Amino acid sequence: MKIQAVRGMQDLLPRQKEIYRYIEDVVRVVLESYGYTEIGVPVLESTQLFSRLVGEATDIVEKEMYTFEDRNGDSLTMRPEGTAGVVRMGQENGLLFNQIQRFWYAGPMFRHERPQKGRYRQFEQVGAECFGMAGPDIDAELLFMCQRIWETLGISDEIHLELNSMGTTESRAAYRSELVNYLEEHRDGLDKDSMRRLETNPLRILDSKVPKTQELLASAPTLTDFLDAESKMHFDQLRRLLDQNQLFYHINPSIVRGLDYYNKTVFEWVTDSLGAQGTVCGGGRYDGLVEQVGGKSMPGVGFAMGLDRLAMMLDDKFESTADADIYIASLGEPARAYALLLAEDIRGNLAHGKVVVHCAEGKLKSQMKKADASGANIALIIGEEEISKREVTVKDLQTGEQQSLNAEAVIDHLSKMLEE
RNA sequence: GUGGGCGUAGCUCAGCUGGUAGAGCUCUGGAUUGUGAUUCCAGCGGUCGUGGGUUCAAACCCCAUCGUCCACCCCA
């Protein structure tokens with residue numbers, strides 16, 4: 001019986017992992033340039049946190065959570081999203097009371113869905129969450145920040161912004177009942193999924209891809225018409241800020257988001273280049289959430305971006321770096337031992353550079369092959385001749401030129417070569 | 001959870017109407033006693049996803065199962 005990875009869990013091979021790290025580095029630099037501070041929150045939380053904050057009737061809570069009993073009988077859940085945990089953490093540690101905060105975090109999330117391209121059961125997210133700021137300027141800042149990340153990664157022309165406002169809980173409730181009334185009247189025109197959602201989550205019907213349902217929706221009441229005055233103003237101001245900064249967006253009234261806690265601004269950054277799982281980043285405002293974990297009422301906004309999907313977008317353009325700059329080949333036991341010492345010496349004296357020692361049997365020919373495959377530009381060769389003369393042969397693998405230097409001169413020479 | 005495609009060497013794949021398995025890449029050795037990225041030669045490497053069935057005979061047909069991919073659903 002062979003043991004293999006659990007379904008939906010992916011291994012990151014060296015090249016992939018390198019892409020992830022590159023993205024993380026870019027994201028970190030950009031987020032910190034906006035003054036966001038990094039935090040860490042647990043992967044495990046009590047199940048209640050998610051069922052209450054994300055919403056009992058959402059798909060996530062209903063059927064996608066990895067939930068199990070701890071040894072003492074507590075129900076625990078591996079986080080399916082980041083916001084709930086950050087809100088809990090902020091409240092529990094007193095970071096939110098009368099405070100303004102800008103946080104970011106990175107790490108794995110877990111959802112038990114059927115795996116697919118761009119969708120795994122463990123997936124990596126980077127999130128940003130802001131607290132204590134009610135105005136649209138912080139919403140705009142988050143979007144500028146995303147845009148800057150896309151630009152730095154070189155994928156901004158493949159991603160566009162879909163924007164909507166969901167209004168306050170009250171205005172949304174008013175719209176919801178109006179929509180249900182309308183759809184009840186045209187019940188026989190609905191598809192099966194939409195019929196079901198009419199009971200569970202009517203706003204989701206707006207998202208339906210069934211053409212007949214979409215026809216029906218064309219003359220249905222729209223959320224925009226039901227926005228309360230304040231939400232409307234917030235949305236208009238946000239749009240103005242985006243316009244002023246020439247950040248282009250597409251108003252999409254059917255963006256509703258699958259979590260209960262959103263209000264006012266909601267958005268998704270979407271790409272066509274990944275197939276069906278095109279959302280690369282999503283987020284919005286959640287002004288009522290802090291109150292729900294027992295805190296003083298406090299506005300919040302945030303987003304989460306999916307590293308796995310971003311990594312897929314970069315895959316064909318990304319160039320891996322070489323495994324080595326200097327590769328040391330040796331022949332015979334004394335040379336082999338000396339190679340290790342020399343490598344230590346080089347690493348201790350060079351400012352940067354990767355030094356790889358051939359630690360295995362092998363003829364010089366095969367060692368040189370390894371040197372070539374490693375991507376190194378320089379090979380050092382140490383054999384019996386070199387040992388007896390206290391020399392090291394330095395070979396430039398691009399030009400093929402080589403020379404023998406005495407051991408003391410090697411490091412100077414190498415640092416010059418690496419600088420070129 | 002639903003639907004469809006695909007599982008053959010480490011990787012990418014070929015294998016006709018059922019007749020007992022092949023290529024390229026990688027790796028190892030040689031042509032070149034201690035010199036890579038080109039060339040040539042040779043070698044290593046397979047319970048044909050797994051279990052059952054049909055058949056004289058199954059990688060190939062049938063059933064089941066697992067995995068994977070794509071789509072639906074939903075989202076990162």
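What you see is a predicted model; the values in this text were computed from it and never measured.

Novice: Can you help me understand the protein's contact with RNA strand B in this one?
Specialist: Close to RNA strand B lie 47 residues; Lys 117, Arg 197, Arg 204, Gly 258 and Leu 397 are nearest. The protein-proximal atoms of RNA strand B, defined as those within 4 Å of the protein, are 56% sugar or phosphate. The contact in question runs from a base oxygen of RNA strand B to an N or O atom on the side chain of Arg 309, over 2.8 Å. For RNA strand B, a phosphate oxygen lies 2.9 Å from a polar atom in the side chain of Lys 370.

Novice: Got a minute to help me understand the pairing of strand β12 (residues 326–330) in this structure?
Specialist: A regular strand places its side chains on the two faces of the sheet in alternate fashion. Among the five residues in β12, five count as buried, and that is most of the element. Judged from the three bridges that link them, β12 and strand β13 (residues 355–357) form a sheet pairing that is parallel. Paired with Ile 326 across the bridge in β13 is Val 355. As a crossover connection, the stretch from β12 through helix α13 (residues 333–349) into β13 is right-handed. Pairing of β12 with strand β14 (residues 378–382), which is carried by five bridges, proceeds in the parallel orientation. Its bridge partner being in β14, Ala 329 is matched across the sheet by Ile 381.

Novice: Would you mind showing me how to read the packing of helix α5 (residues 136–153) against helix α10 (residues 229–244) here?
Specialist: Think of two packed helices as two axes; the pair is described by the angle between the axes and how far apart they sit. Put simply, α5 and α10 touch, their axes get as near as 9 Å, and they point 40° apart. One way to sum up the angle between α5 and α10 is to call them oblique. Considering only the axes of α5 and α10, their crossing is right-handed. Between α5, through Pro 136, Asp 137, Asp 139, Ala 140, Leu 143 and Phe 144, and α10, the contact on the second element is made entirely by His 234, Gln 237, Leu 238, Leu 241 and Leu 242. Classifying every residue of the contact of α5 with α10 gives seven nonpolar, two polar and two charged.

Novice: Help me understand the packing of helix α1 (residues 14–33) against α5, please; the structure alone is not making it clear to me.
Specialist: One way to put it is that α1 packs onto α5 with a least axis distance of 10 Å and a crossing angle of 140°. By the angle between their directions, the pair α1 and α5 is classed as oblique. For α1 against α5, the interelement crossing comes out right-handed. On α5, the residues touching Tyr 22, Ile 23, Val 26, Val 27, Val 30 and Leu 31 of α1 are Met 145, Arg 148, Ile 149, Thr 152 and Leu 153. Grouping the amino acids of the contact of α1 with α5 by side-chain chemistry returns nine nonpolar, one polar and one charged.

Novice: I keep staring at the sheet that holds strand β16 (residues 402–406) and nothing clicks. Help me out?
Specialist: The pairing of strands in a sheet happens through backbone hydrogen bonds and is either parallel or antiparallel. One open sheet holds the five strands; their spatial order is β13-β12-β14-β15-β16, and the pairing between them is mixed. Looking at which strands have only one partner, the edges of the open sheet turn out to be β13 and β16. The mean angle between the axes of side-by-side strands here comes to 25°, regardless of whether they run parallel or antiparallel. Pairing of strand β15 (residues 391–396) with β16 involves five bridges; the strand directions are antiparallel. In the strand pairing of β16, Thr 393 is matched with Ser 404.

Definitions and limits used
- Residues numbered from 1 in each chain as written.
- Chains lettered and ligands numbered in written order.
- Predicted model: local features only at pLDDT ≥ 70, side-chain atom pairs only at ≥ 80, totals over all residues.
- Heavy atoms only, no water.
- Near = heavy atom within 4 Å.
- Polar contact = N/O pair within 3.5 Å; in protein donor to acceptor, adjacent residues only side chain to side chain.
- Buried < 20%, exposed > 50% of the residue type's maximum accessible area, 1.4 Å probe, protein only.
- Helix = DSSP H or I, 4+ residues; strand = E, 2+ residues; numbered from the N terminus.
- Pairing = 2+ DSSP bridges.
- Right-handed = clockwise from strand over helix to strand, strands pointing away.
- Axes fitted to C-alpha atoms, helices over the stretch in contact; angles between N-to-C directions.
- Parallel < 35°, antiparallel > 145°, perpendicular 65-115°, else oblique.
- Left-handed = near helix turned anticlockwise from the far one by under 90°.
- Contact = heavy atoms within 4.5 Å.
- Nonpolar A, V, L, I, M, F, W, Y, C, P; charged D, E, K, R; others polar.

Treat this as a map of the structure, not an account of what it does.
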